[in-house]
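Chains, contacts and geometry: an overview
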Amino acid sequence: MIKKCSLLAIIVILTEMEEIILSIVGGLVLFLFAVNSLSETIKMVVGGSANKWIMQFTRNTFSSILVGLVVTALLDSSSAVIIITIVFVNSKILTFRQAMGIVLGANIGTTISSQIIAMDIGKYSPLLLIIGFTLLFISKSERVNNTGKIILYFGVLFFGLFTMENAVEPLRDESYFIEWLKKTEHPLTGALIGALITLIIQSSSATVGMAIILSKKGLLSLAGGIAVMLGAELGTCSDTLLATIKGSRAALKTGLFHLLFNVLSIIIGLLLFYPFLHVVQWISQNAPIERAVANAHMIFNVSGVLLFAWTVPLFEKMLNRFLPDR
């Protein structure tokens, strides 16, 4: 009788875990689909205008940073912006120096999505879905249809986050899951976990979004959320490096600069982890923990850009020497 009860309990736990995992995966798929679809739709709407802006306003490093920031905020994907930049460099539309500024700006632009995720607007996602679908359904105008698509995809994005948020709620009572998440409080372990997750799902925004959700539900501490965020910055380099395969030397140097910038920023972040944690706590004051994680993401990336923007000529000289154009 005892064995039957134990077996029944195990089956119930496995069934519950299956539902949780499927809900998390489903929410994540919706999020990634929305991010990719948003990027493609906005690129289609903006079209040649984005190319014109990029070429016109990248005359110096700081204007290039601004362009990278704005375009990433619009496309909601730093990887997409950096890959587009690599394509432009490969086509000799942009120089390596111009591309370096855009890469730095993209790292700031990607923090805007984490601020939006922390606003807890997921519960209003059905409203966006209804508005977007209605615009697509009632209008034959291409402009209105594209607007409807953008609104619809934003609704899908926030609904995916909302689905993941509800899915992780039962995990608050699972001791083994809490014990596993406690490992993220060690900066290096947490960063490795964040990097691995980002490498698998190919989206630093999704990784940071999950860290914000888990923090909000009390499953992840502020230290754990920051450590995972640091790792996500490393994992996001994989797809941009893939974009440099069979590209020109300048395109390869752009991908390597992105990697070097992120690696050096993460090393500094890990070395100064606890002072940085205190700074985030001081700036966030009485803000909810999910807002503090989003603030940490923004402070880290902005600080990294401010620190390395002045060293762009040095990086350019070093990479040109390491990979001369031939």
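Owing to the predicted nature of the structure, the values given are computational and were not obtained by experimental measurement. (Residues numbered from 1 in each chain as written. Predicted model: local features only at pLDDT ≥ 70, side-chain atom pairs only at ≥ 80, totals over all residues. Heavy atoms only, no water.)

Regarding its fold elements, the protein chain presents 17 helices and zero strands. The 326 residues of the protein chain split such that 50% are buried. When contacts within the protein chain are restricted to residue pairs at least 6 apart in sequence, long-range pairs at least 24 apart make up 80% of them. Total accessible area on the protein chain stands at roughly 16400 Å², and carbon and sulfur atoms take up 70% of it. (Helix = DSSP H or I, 4+ residues; strand = E, 2+ residues; numbered from the N terminus. Buried < 20%, exposed > 50% of the residue type's maximum accessible area, 1.4 Å probe, protein only. Contact = heavy atoms within 4.5 Å. Areas by Shrake-Rupley, 256 points an atom, 1.4 Å probe, with all protein chains shown as cover.)

Turning next to the packing of helix H12 (residues 222-235) against helix H14 (residues 249-271). Where H12 contacts H14, the axes come no closer than 9 Å and their chain directions differ by 160 degrees. One element, H12, and the other, H14, form an angle in the roughly antiparallel class. Taken as a pair, H12 and H14 cross one another with a handedness that is left-handed. Every residue of H14 that contacts H12 at Leu230, Glu233 and Leu234 is listed here: Leu259, Asn262, Val263, Ile266, Gly269 and Leu270. Across the contact of H12 with H14, the residue classes break down as six nonpolar, two polar and one charged. (Axes fitted to C-alpha atoms, helices over the stretch in contact; angles between N-to-C directions. Parallel < 35°, antiparallel > 145°, perpendicular 65-115°, else oblique. Left-handed = near helix turned anticlockwise from the far one by under 90°. Nonpolar A, V, L, I, M, F, W, Y, C, P; charged D, E, K, R; others polar.)

The subject of this paragraph is the nonpolar core. Ranked by internal contacts, the top residues of the largest apolar core, which has 35 residues, are Phe31, Leu161, Ile226 and Val280. Broken down by secondary-structure element, the contributors of at least two residues to this core are helix H1 (2-46), helix H8 (142-168), helix H11 (204-216), H12, helix H15 (273-284) and helix H16 (289-308). The element that contributes the greatest number of residues to this core is H12, accounting for seven residues. With near-sequence residues (within four places) excluded, Val280 lies in contact with Leu222, Ile226, Ala292, Ala296 and Ile299. In terms of nonpolar packing, the next biggest core, distinct from the first, is built from 29 residues, Val89, Ile102, Val103 and Ala251 among them. (Core = buried A, V, L, I, M, F, W, Y, C linked by side-chain atoms within 4.5 Å.)

So, on to the packing of helix H5 (residues 96-109) against H14. Relative orientation of the contacting elements H5 and H14 amounts to 35 degrees, with a least axis distance of 10 Å. At the point where H5 passes H14, the crossing takes the right-handed sense. Taking contact as the criterion, the partners of Phe96, Ala99, Met100, Val103, Leu104 and Asn107 in H5 are, on H14, Ala250, Lys253, Thr254, Phe257, His258, Phe261 and Asn262. Residue composition of the contact of H5 with H14, by class: eight nonpolar, four polar and one charged.

As for its placement among the helices and strands, Val280 is situated in helix H15. Take Val280: its relative accessible area is 0%, and that puts it in the buried class. Here the alpha-carbon distance between Val280 and Asn295, two residues 15 residues apart in the chain, equals 7.0 Å.

Locating Asn262 in the fold gives a position in helix H14. There is a polar contact of 2.6 Å between the side chain of Asn262 and the backbone oxygen of Glu233. In this structure, Asn262 is in contact with Asn107, Glu233, Thr236 and Cys237, ignoring residues within four places of it in sequence. (Polar contact = N/O pair within 3.5 Å; in protein donor to acceptor, adjacent residues only side chain to side chain.)

Our next topic: H12. With 14 residues, H12 ought to run about 20 Å at 1.5 Å a step, and its terminal C-alpha atoms sit 20 Å apart, in line with that. Among the 14 residues in H12, 13 count as buried, and that is most of the element. (Expected span 1.5 Å × (residues − 1).)

Before going further, it helps to examine the pattern of salt bridges. Tallied over the entire structure, the rule returns one salt bridge. Residues Arg97 and Glu316 are paired through a salt bridge, measuring 2.7 Å at the closest nitrogen-oxygen approach. In this pair, Arg97 sits in helix H5 while Glu316 sits in helix H17 (residues 312-322), placing the two residues 219 residues apart along the sequence. By relative accessible area, which is 32% here, Arg97 ends up partly exposed. (Salt bridge = Lys/Arg side-chain N within 4 Å of Asp/Glu carboxyl O.)

Let's shift gears to unusual backbone geometry. Positive phi is not limited to glycine here, since Gln285 has a value of about 50 degrees. On the basis of relative accessibility, which here comes to 52%, the residue Gln285 falls in the exposed class.

Glu316 sits in the buried class, given a relative accessible area of 18%. When near neighbours in sequence (up to four residues on either side) are disregarded, Glu316 contacts Phe96, Arg97 and Met100.

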